[in-house]
Amino acid sequence: MTNTLAMGRKRNQGKARRAAKAREEAGKSNNQVTNERQQFLAEQMQQLQVGNGNLLPTSGSDATKCRHGFEKMDNMCIDFVIEFRDAFHEAGNRGKSTFQSLVYAEDTTMEKFAVVWKDFAKMEIIMSYYLFHGTKSILEGNDIYAHECAIYARFIEQCIAVELHQTQAIMNWSKVEAMSADEHTRVKFYRRRIPCSCLEKKYGEVKTITKMGLCFNQQCPDRRVERSKTMYCSGCRCITYCSRECHKASWSGHKEICAEIAAKRKEFEAEKES
């Protein structure tokens, strides 16, 4: 009887220790998320001042003071931006293409942030965040971050069109990857989507730059080509090539998904006509 009671006490003590350890690990995880959010906000506060719950502009020129349509984000959207960015960079560091990195970032965040992905208002706020920081980066001459924000914003815009508004059947990847092609394209993208005129001067400086497109063939020697000379894949009509040779070269890796996309587009167009 004594041994039975002792064994019972040991089991209970073991359960208590495991429960305490689980609580400790959960606390560490929560603290890590909190620290990341605080670090994220601290980075933003280097550029902005907080007041009355909104992100308010600091001193400077009219263009640098402007919020370019952005107001504020809740904690869920902040966490989404952090984890989406981290997943995108993780894939990129493993040698994945922009297309593959975006798909990986979407898949990685889909379950945890399903509410965000399905909420038009939240997606619009996140896109507004990218437009704000991209525009600000252009005005400050930070082309690298302007480029990155343009990719995110264009991708989110395409997701809204396909999944929420359902105004198009599939993602147009050529439009997303075009954000990497030239400064004219990026500045025009931001200029047409912000409610202010802060990029008018900059657009005047870059509008003579030839618009470029990207060849979807990853083995293409250059990949950048004048957009007017690119050709869409006749099957899926969502990616571009610089030549028939590049189309043929990448066909073995593209043909399966091409057929899937073409079928989805056909179904979508049939539903719209009915």
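Read on for an overview of the structure. Think of each chain on its own: its residues are numbered from 1, step by step along the sequence as written. Totals for whole chains, interfaces and linings use all residues, but because this is a predicted model, local features are given only for residues with pLDDT of at least 70 and pairs of side-chain atoms are given and counted only at 80 or more. Heavy atoms throughout the structure, all of them, feed into the side-chain values; hydrogens and water do not.

Attention shifts here to the overall build of the protein chain. Strands are runs of DSSP state E lasting at least two residues, helices are runs of H or I lasting at least four, and both sets are numbered from the N terminus onward. Scanning the protein chain for helices and strands turns up 11 helices and six strands. Residues counted as buried form 40% of the 274 residues belonging to the protein chain. We call two residues contacting when some pair of their heavy atoms lies within 4.5 Å. A separation threshold of at least 6 residues defines the contact pool for the protein chain, and within that pool the share at least 24 residues apart is 58%. Within the structure as shown, the protein chain displays about 16000 Å² of accessible surface, and the carbon and sulfur contribution to it stands at 49%. When a residue's accessible area, from a 1.4 Å probe over protein chains only, is under 20% of the maximum for its type it is buried; when over 50% it is exposed; and in between it is partly exposed. All accessibility values rest on the Shrake-Rupley procedure with a 1.4 Å probe; residue burial counts only the protein chains present in the view.

Right, let's talk about the layout of surface pockets for a bit. Here a cavity denotes a set of grid points, spaced 1 Å apart and computed over the protein atoms alone, in which a 1.4 Å probe fits but from which it cannot get out, and a pocket denotes an open set meeting protein on both sides within 12 Å along at least five of seven lines; residues with an atom within 4 Å of a point are reported as lining. Grid points are joined across faces, edges and corners, and a volume is the space filled by probe spheres set on the points. When its volume is computed, the largest pocket comes out at roughly 680 Å³. The wall of the largest pocket is formed by 27 residues, among which Phe99, Val103, Trp173, Ile257 and Ile261 lie closest to the centre. Listing elements by their share of the lining of the largest pocket, those giving two or more residues are helix 4 (98-110), helix 7 (143-164) and helix 11 (244-273). Residue type decides the class: Asp, Glu, Lys and Arg count as charged, Ala, Val, Leu, Ile, Met, Phe, Trp, Tyr, Cys and Pro as nonpolar, and the leftover types, Gly among them, as polar. Class assignment for the residues of the lining of the largest pocket results in 15 nonpolar, eight polar and four charged. For the second largest pocket, the lining is made up of 17 residues, of which Arg154, Lys175, Ala178, Thr185 and Arg227 are closest to its centre. Listing elements by their share of the lining of the second largest pocket, those giving two or more residues are helix 8 (173-177), helix 9 (183-191) and strand 3 (212-214). Of the residues forming the lining of the second largest pocket, the biggest block, three residues, is contributed by helix 9.

Moving on, we get to the packing of helix 4 against helix 7. Inter-axis angles, ranging from 0 to 180 degrees, are taken between N-to-C directions of lines fitted to C-alpha atoms, where helices are fitted over the stretch in contact. At a minimum axis separation of 12 Å, helix 4 and helix 7 run at an interaxial angle of 60°. When the interaxial angle is binned, helix 4 and helix 7 end up oblique. For the crossing formed where helix 4 meets helix 7, the hand is right-handed. Along its contact with helix 4, which presents Thr98, Leu102 and Glu106, the element helix 7 presents Ile151, Tyr152, Phe155 and Cys159. Relative orientations are named as follows: roughly parallel for angles under 35 degrees, roughly antiparallel for angles over 145 degrees, roughly perpendicular for angles from 65 to 115 degrees, and oblique for any other angle. Here a crossing is called left-handed whenever its near helix is offset anticlockwise from the far helix by less than a right angle, and right-handed whenever the offset is clockwise.

We now examine the packing of aromatic side chains. Note on ring pairs: Phe, Tyr and Trp rings are taken, using the six-membered ring of Trp, and paired if centres are within 6.5 Å. Classes follow the plane angle, with under 30 degrees stacked, over 60 edge-to-face and the rest tilted. One pass over the full model with this rule turns up 15 aromatic pairs. For the ring pair Phe99 and Trp173, a centre distance of 4.7 Å and an interplane angle of 90° mean the geometry is edge-to-face. Linking Phe99 in helix 4 with Trp173 in helix 8, this pair joins segments that are 74 residues apart in sequence. Pairing Phe189 with Tyr190 gives two aromatic rings, centres 5.6 Å apart and planes at 65°, and the pair type is edge-to-face. Judged by relative accessible area, Phe189 falls into the buried class, the value being 3%. It is Arg94 that lies over the ring of Tyr104; its NZ or CZ is 4.9 Å from the centre. A positively charged side chain is recorded as over a ring if its NZ (Lys) or CZ (Arg) lies within 6 Å of the ring centre. The angle to the ring normal must also be within 35 degrees. When the ring centre of Tyr203 is taken as reference, the NZ or CZ atom of Arg191 above it lies at 4.2 Å.

The next thing to look at is unusual backbone geometry. Phi is mostly negative for residues that are not glycine, and the peptide bonds are mostly trans. The phi torsion at His68 lies on the positive side, around 55°, for a residue other than glycine. Within the element layout of this structure, His68 appears in the loop between helix 2 (62-65) and helix 3 (75-93). On the accessibility criterion, His68 (3% relative accessible area) is buried. With a phi close to 60°, Arg237 is a non-glycine residue in the positive phi region. Among the structural elements, Arg237 can be located in the loop between strand 5 (231-232) and strand 6 (240-241).

Okay, the nonpolar core next. Residues grouped as a nonpolar core are buried Ala, Val, Leu, Ile, Met, Phe, Trp, Tyr and Cys residues, joined through side-chain atoms within 4.5 Å. Core analysis: the biggest nonpolar cluster contains 61 residues, and Phe84, Leu102, Trp117 and Tyr130 have the highest contact counts within it. Looking at this core element by element, the count peaks at 11 residues for helix 7. Discounting chain neighbours no more than four positions away, the residues touching Trp117 are Phe80, Phe84, Glu106, Thr109, Met110, Met123, Phe155, Ile156, Cys159 and Leu164.

All right, on to the pattern of salt bridges then. Any Lys or Arg side-chain nitrogen located within 4 Å of an Asp or Glu carboxyl oxygen qualifies as a salt bridge. Evaluation of the coordinates by the stated rule reveals 15 salt bridges. Linking Glu205 and Lys202 is a salt bridge whose minimum nitrogen-to-oxygen distance equals 3.8 Å. With Glu205 and Lys202 both in helix 10 (residues 200-206) and three residues apart, this pair spans about one turn of that helix. Assessed through its relative accessible area of 48%, Glu205 is described here as partly exposed. Measuring nitrogen to oxygen at the nearest pair gives 4.0 Å for the salt bridge that ties Lys229 to Glu226. The exposed category is assigned to Lys229, whose relative accessible area is 53%.

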